[in-house]
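Below are the chains, spelled out letter by letter.
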Number of protein chains: 2
Amino acid sequence: MFILALKVFLLILYQVHSESDTKSYTELNGCDIGDLADEIASYDTDVRDIIDYVVSGPFKGKTYYELAKFVDLFGARPSGSKVLEDSIDYMIQLTRQEGIQDIVTEDVEVPHWVRGTEKLSMVQPRIKDISILGLGRSVSTPPNGLSAEVIVVRNFDELAKIPDKDVEGKIVLYDPKFISYGETVVYRSQGAAKAGAKGAVASLVRSIAPFSINSPHTGSQNYDDNVTKIPTAAISLEDADLIRRFYDRKEKIVLNLTMSSTYDTKISRNTLIDLKGTNYPEQLVIVSGHIDSWDVGQGAMDDGGGLFVSWAAPLILKRLNLRPKRTLRSIFWTAEELGLVGAYAYEEKHRKDNHKINFIMESDEGTFSPRGLVVAGTPKARCIVAEILKLFESINATTLVESDSPGSDIAVLIQKGIPGASLHNANERYFWFHHTEGDTMNVEDPEELDLCTAFWTSVAYIIADISADIPR
Amino acid sequence: MFILALKVFLLILYQVHSESDTKSYTELNGCDIGDLADEIASYDTDVRDIIDYVVSGPFKGKTYYELAKFVDLFGARPSGSKVLEDSIDYMIQLTRQEGIQDIVTEDVEVPHWVRGTEKLSMVQPRIKDISILGLGRSVSTPPNGLSAEVIVVRNFDELAKIPDKDVEGKIVLYDPKFISYGETVVYRSQGAAKAGAKGAVASLVRSIAPFSINSPHTGSQNYDDNVTKIPTAAISLEDADLIRRFYDRKEKIVLNLTMSSTYDTKISRNTLIDLKGTNYPEQLVIVSGHIDSWDVGQGAMDDGGGLFVSWAAPLILKRLNLRPKRTLRSIFWTAEELGLVGAYAYEEKHRKDNHKINFIMESDEGTFSPRGLVVAGTPKARCIVAEILKLFESINATTLVESDSPGSDIAVLIQKGIPGASLHNANERYFWFHHTEGDTMNVEDPEELDLCTAFWTSVAYIIADISADIPR
């Protein structure tokens, strides 16, 4: 995911708070949704049918099986690559095989940053190879690399206090304590711009992660147009700590960095799959995940899981002949990792129809055991969703977490006032693997994926089918 | 560590058993050690003094601090390398600075296997780089590598059932389920020999580990002199699973493997540091760890931690003026990783004096929170040790685990009938990092190391000082 901001942190705070309380969300918030509560309760049978079909029926294991086949065939699917476009074609074909024909793609111009050679070596105080992953859009070093002394800072304040002349010509290593992804990622996303502004020749960042087996984490970063662009990369927690110890012992640290990359743009596609509504086909409930991934690992977790639970939703409803009144649209966003590029393009293209989006959902923070939803919307909207979540007691997915900006791509639309939700799941280890070579099928679990698919499909169905719109 | 055999597995079994039981080891085993129990109890003050000195006194944090300095300075210390010899010199100097002069080194001829280029790529069904680590003593491929189809087996029985003609010219991938290190490591140590015997051109093994962030684990392996030596390497759990899935889908998998290495022998040294006994200086209690490491990672856990707690023991006793009646010998074994080479040399050289070893200890399975000891010896010997462990209730390190072969190097001497013990500690994650690039200081914790140092020093002191020998 690209933008989590304070989400993870708030989510944890909220959980600690909510789990110490035995009252339901609707009780705590004095929800009164009138007759709608009874109507929602009446979906109990449909929910049970969907759960049975996915968890122990014909769909059992299928989400994992199809995700594995997809991930094994394509691997990483970076923005702008041919493999991403091939994977989009594959998904369309896979969907067509289910007899779903309402599929359109919408062209989007996307960044195409290609990692080349990357090598970082400590030269002083001792010779050591250091594992790195260049950050998205990083410029190259000179072909023969650059050698420079390192200064280590914990945060931007520490950097600001160092005179420019002491930063000029140096490599800046940001070594922030990991608080949460949302709070700490700023050192990855803005580190090069701020170090470049002070005359550094390159910047490195301690990977934005709580755990490591010498595994660097890549990710997006943004240069400042008014500042010289400098090469920038992430290093592992272990090597950041090593350099920190040398630095604290007042030893001179010299690194040699060689990086190359190319950067242009390509045309990619958002993919829109519709299960047309029976009564209000122009009204939309959207489920989504992004199909692009980073170029390391296999994009199984980020966001293969989210992609496949959203792929499965219309398909399962079609198979079960559960046609909601509103249209259920499944969107496979493109180029999320380089800045929600597909989502911005969709919002712009469909702006005049945004009011027709009744609710928008995205899973992009893992597909571990589902626990509920992270919901943005008015108090009434949340009360309705909380009532729906009561139907998922059997799979322990009843928790409603409040957020103003759940999901990643969908935040672009939620900021426009559309209510929406992301999948709340048992993703405590998500950032162990995020944006690393370890984002593989081994992170996924067939039974947990089934639960996510069943939950995701059921929630989307109810919201697309109930008599009331989700209020704004 | 090199040979764990069934240890870890048995240890877990034992724990499950023992923790469900509230009776002490001495009660359960009807121990009767007579007046010795009172004598052991009288060491309570010494134990408290040592714990205070290390955990909250002048030695607080020193084990971690010195280990970090050492590891940062030298990094990996493979058998036969100059850096290993430099690190031995450093440790001698560090010990001399404490005023300990009884230090000798004993030359040992050791293997010197040097990893060169290692590259593995999947060519079919899709192109993908695969992370590998060659196994110790692996021969090279032809300079331009070799390409071959892969067959995947779960165990040796499956391989045996495949006709030789179907193995000839292929690469064999062993994909065993990880049960325990001791039970599963045979596929690493004997895989190349058994695949070579059936005409394979190379063999790969799923890393012997329960968890991975795409992190391959190296380790030792033994060719069969009567069989063609074939190149052999470990791959990550993730890539083994990927290849397994392709294989199960009946897809043809072709890999291209390039490996180079050199292999000769060098002279290294065991290091013996004595704190001479006041009454029976010829009688020995030995504490030990190995100073060599694999060539990946930093050898902080395997076995930097064990090395430093054993380095600290005589030093702390000297500082506290606690001179035991028997000599406390601290040994830094060399070339453990390539087959307990230092330990075999020591046993051979000192064979006529083996009867003077009263007790031998090694820490080579982590220095996480200490829980007690894994003890080999007669029932009476174990009863005495169990009585000693009662003194460590304050740090929750009272558990005695029975084993016939605790430790790694010391197993060579224990097999000769010498009683001994290894450190039982909270090492549940040990094999996440073992023999990988992730064996760094980040695995170590200053406070846990202090507890290990205090415990290790105290136990060794009591056994070296009590009136009775540990019976054989």
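Residues numbered from 1 in each chain as written. Chains lettered and ligands numbered in written order. Predicted model: local features only at pLDDT ≥ 70, side-chain atom pairs only at ≥ 80, totals over all residues. Heavy atoms only, no water.

Before going further, it helps to spend a moment on the environment of Val 385 of chain A. Tracing the backbone through its elements, the reader meets Val 385 of chain A in helix 15 (residues 379-389). Excluding residues that lie within four positions of it along the chain, Val 385 of chain A makes contacts with Phe 359, Leu 373, Val 375 and Leu 400 of chain A. (Helix = DSSP H or I, 4+ residues; strand = E, 2+ residues; numbered from the N terminus. Contact = heavy atoms within 4.5 Å.)

Scored by pLDDT, chain A comes out at a mean of 95, with 96% of its residues at no less than 70. Confidence over residues 8-14 of chain A falls short of pLDDT 50; this stretch has 9 contacts with residues more than four positions distant or in other chains. (pLDDT = per-residue confidence, 0-100.)

With that settled, consider the relation of the copies chain A and chain B. At an RMSD of 0.0 Å, chain A and chain B line up after a rotation of 180° and a shift of 0.0 Å along the axis. Considering both components of the superposition, the chain copies are consistent with a two-fold axis. Among all residues of chain A, the one whose C-alpha sits closest to the rotation axis is Ile 213 of chain A, at a distance of 3.1 Å. (Least-squares fit on C-alpha atoms with pLDDT ≥ 70 in both.)

Let us look at the pattern of salt bridges. What the rule picks out here adds up to 60 salt bridges over all chains. Measuring nitrogen to oxygen at the nearest pair gives 2.8 Å for the salt bridge that ties Arg 249 of chain B to Asp 72 of chain A. One end of the pair, Arg 249 of chain B, is in the loop between helix 12 (237-248) and strand 8 (254-275); the other, Asp 72 of chain A, is in helix 5 (residues 62-74), on a second chain. One continuous salt-bridge network, built from bridges that share partners, spans Arg 154, Asp 175, Arg 206, Asp 241, Arg 244 and Asp 248 of chain A. (Salt bridge = Lys/Arg side-chain N within 4 Å of Asp/Glu carboxyl O.)

On to the environment of Thr 440 of chain B. Looking at where Thr 440 of chain B falls in the secondary structure, it is placed in the loop between helix 17 (430-433) and helix 18 (446-465). For Thr 440 of chain B, a relative accessible area of 6% gives the class buried. For Thr 440 of chain B and Asp 239 of chain B, which are 201 residues apart along the polypeptide, the C-alpha to C-alpha distance reads 23 Å. Those residues in contact with Thr 440 of chain B that lie beyond four places of it in its chain are Glu 238 of chain A together with Gln 298 and Ala 300 of chain B. (Buried < 20%, exposed > 50% of the residue type's maximum accessible area, 1.4 Å probe, protein only.)

What follows is about the interface of chain A and chain B. With 32 residues of chain A in contact, the opposing surface of chain B contributes 32 residues. Between chain A and chain B lies a buried interface of about 2400 Å² when both sides are counted; carbon and sulfur atoms form 53% of it. Sorting the residues of chain A by area buried against chain B places Asp 72, Arg 126 and Ile 213 of chain A first, and these three jointly supply 27% of that buried surface. Inspection of the region where chain A meets chain B yields 4 salt bridges. Inspection of the chain A/chain B interface yields 14 residue pairs in polar contact (both at pLDDT 80 or more). Secondary structure elements with two or more residues in the side of chain A that touches chain B: helix 5, helix 12 (237-248) and helix 17 (430-433) of chain A. For the side of chain A that touches chain B, the element with the most residues is helix 5 of chain A, which contributes 7 residues. Residues that form the side of chain A that touches chain B fall into these classes: 13 nonpolar, 9 polar and 10 charged. (Buried area = accessible area lost by both parts, 1.4 Å probe. Polar contact = N/O pair within 3.5 Å; in protein donor to acceptor, adjacent residues only side chain to side chain. Nonpolar A, V, L, I, M, F, W, Y, C, P; charged D, E, K, R; others polar.)

Residue and element names in this part refer to chain A. Counting through the fold element by element, Lys 170 comes out in the loop between helix 8 (164-167) and strand 5 (171-174). The exposure class assigned to Lys 170 is buried, which follows from its relative accessible area of 17%. Here the alpha-carbon distance between Lys 170 and Leu 255, two residues 85 residues apart in the chain, equals 9.7 Å. Here Asp 166 takes part through its backbone oxygen, which lies 2.8 Å from a polar atom of the side chain of Lys 170.

Once that is clear, we can look at the packing of aromatic side chains. A full pass over the atoms with the stated rule returns 38 aromatic pairs over all chains. Seen from their ring centres, Tyr 174 of chain A and Tyr 187 of chain A are 6.0 Å apart, and the 40° between their planes marks the pair as tilted. One end of the pair, Tyr 174 of chain A, is in strand 5; the other, Tyr 187 of chain A, is in helix 10 (residues 186-189), and 13 residues separate them in sequence. Here the aromatic cluster, defined as three or more aromatic residues joined through ring pairs, consists of Phe 211, Trp 432 and Phe 433 of chain A together with Phe 211, Trp 432 and Phe 433 of chain B. One Lys or Arg, Lys 194 of chain A, reaches over the ring of Phe 156 of chain A and ends 5.1 Å from the middle of that ring. (Phe/Tyr/Trp six-rings, centres within 6.5 Å; stacked < 30°, edge-to-face > 60°. Lys NZ or Arg CZ within 6 Å of the ring centre and 35° of its normal.)

Residue and element names in this part refer to chain A. All chains considered together, the criterion is met by 2 disulfides over all chains. One disulfide in the model links Cys 31 with Cys 383; its S-S distance is 1.9 Å. The chirality of the disulfide connecting Cys 31 with Cys 383 is left-handed, given an S-S dihedral of about -75°. Here Cys 383 lies in helix 15 and Cys 31 lies in the loop between helix 2 (25-28) and helix 3 (36-41), a separation of 352 residues in the sequence. (Disulfide = S-S within 2.5 Å.)

Looking now at the packing of helix 13 (residues 300-319) of chain B against helix 18 of chain B. All names here are of chain B. Their axes nearest at 9 Å, the elements helix 13 and helix 18 cross at an angle of 55°. Regarding the angle of helix 13 to helix 18, the classification is oblique. By crossing handedness, the relation of helix 13 to helix 18 is classed as right-handed. The residues of helix 18 that touch helix 13, namely those facing Gly 305, Val 309, Ser 310, Ala 312, Ala 313, Ile 316 and Leu 317, are Leu 449, Cys 452, Thr 453, Trp 456, Thr 457 and Tyr 461. The residue inventory of the contact of helix 13 with helix 18, partitioned by class, reads 9 nonpolar, 4 polar and no charged. (Axes fitted to C-alpha atoms, helices over the stretch in contact; angles between N-to-C directions. Parallel < 35°, antiparallel > 145°, perpendicular 65-115°, else oblique. Left-handed = near helix turned anticlockwise from the far one by under 90°.)

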